Amino acid sequence: MKPTVLHTTGPREIAPLHREALAALGRDYTLEEVIERWSSVADTAFVVVSLDAPTGFISYRRTAPAGCYISDLYIRPAYRGRGHARLLIGALKARFRPVTLRVDPGNIGAVRLYVSEGFRQREGGDSAGRVGMTYEPN
């Protein structure tokens, strides 16, 4: 079955999957804590579904005038390398300009994915050492 991208409108729809993503990073949150955290960094999300089960998500916050900032991208380990992240990124690229994000430069797989999707590194970084990247086609 071909994966499908679904649009969600709030944190409750993706809270269990987002909690799983945080746990993979060694962070243990209750569902209510996940909802509170998510609400502070994003306002909506897309979820990719395969065989009627969620396989990953991308959450984002809209930015002015017609852009968005990716706050989180997570694909369950069993579904990585199957194009699910590209589907989610593509859903945002089709709707927003520019698309921005911050990524840990040590996460080579993520950096390569974003570069292959047309993102370019911006000058500077943030206090956590993450680098900024932007997708804005000419």
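Refer to the structure above for everything that follows.
The notes below deal with the structure included here. Nothing here was measured: the structure is a model prediction, and the numbers come from that model.

About the criteria used
- Residues numbered from 1 in each chain as written.
- Predicted model: local features only at pLDDT ≥ 70, side-chain atom pairs only at ≥ 80, totals over all residues.
- Heavy atoms only, no water.
- Helix = DSSP H or I, 4+ residues; strand = E, 2+ residues; numbered from the N terminus.
- Rg over C-alpha atoms; globule rule 2.2 N^0.38 Å.
- Buried < 20%, exposed > 50% of the residue type's maximum accessible area, 1.4 Å probe, protein only.
- Contact = heavy atoms within 4.5 Å.
- Areas by Shrake-Rupley, 256 points an atom, 1.4 Å probe, with all protein chains shown as cover.
- Lys, Arg positive; Asp, Glu negative; His and termini not counted.
- Charge placed at Lys NZ, Arg CZ, Asp CG, Glu CD.
- Arc of directions from axis to C-beta.
- Phe/Tyr/Trp six-rings, centres within 6.5 Å; stacked < 30°, edge-to-face > 60°.
- Lys NZ or Arg CZ within 6 Å of the ring centre and 35° of its normal.

The number of helices and strands found in the chain is four helices and seven strands. The order of α-helices and β-strands along the chain, N terminus first, is β-α-α-β-β-β-α-β-α-β-β. Its C-alpha atoms give the chain a radius of gyration of 14 Å, within 12% of the compact-globule value 14 Å for 138 residues. C-alpha extents for the chain along the principal axes are approximately 35 × 35 × 30 Å. Across the 138 residues of the chain, 41% fall into the buried class. Excluding contacts between residues fewer than 6 apart, the proportion of contacts in the chain whose partners are at least 24 apart in sequence is 54%. Carbon and sulfur atoms form 51% of the exposed surface of the chain, whose accessible area is close to 7,800 Å². Across the chain, 19 positive and 14 negative side-chain charges occur, with their mean positions spaced 7 Å apart.

Those residues of helix 4 (residues 108-116) lying buried are Ala110, Leu113 and Tyr114. Take helix 4 and look down its axis: the buried residues cluster within an arc of 95°, on one side only. Lining the buried residues of helix 4 we find strand 4 (67-75), helix 3 (84-93), strand 5 (99-103) and strand 7 (131-135). A positive backbone phi angle near 95° is found at Gly118, which sits one or two residues after helix 4.

Here the structure, examined in full by the defined rule, presents five aromatic pairs. Between Phe57 and Tyr74, the ring centres sit 6.3 Å apart and the planes meet at 45°, which makes this aromatic pair tilted. Within this pair, whereas Phe57 is found in strand 3 (residues 53-63), its partner Tyr74 is found in strand 4, the two being separated by 17 residues in sequence. Grouping residues by exposure puts Phe57 and Tyr74 together as buried. The interplanar angle of 45° and the centroid separation of 5.7 Å between the aromatic rings of Phe119 and Tyr135 together place this pair among those described as tilted. Separated by 16 residues along the polypeptide, Phe119 in the loop between helix 4 and strand 6 (120-125) and Tyr135 in strand 7 bring together distant segments of the chain. For Tyr135, a relative accessible area of 12% translates into the label buried. A network of ring pairs unites the aromatic residues Phe46, Tyr60 and Phe96 as a single cluster. The side chain of Lys93 reaches across the aromatic face of Tyr135, ending 4.5 Å from its centre.

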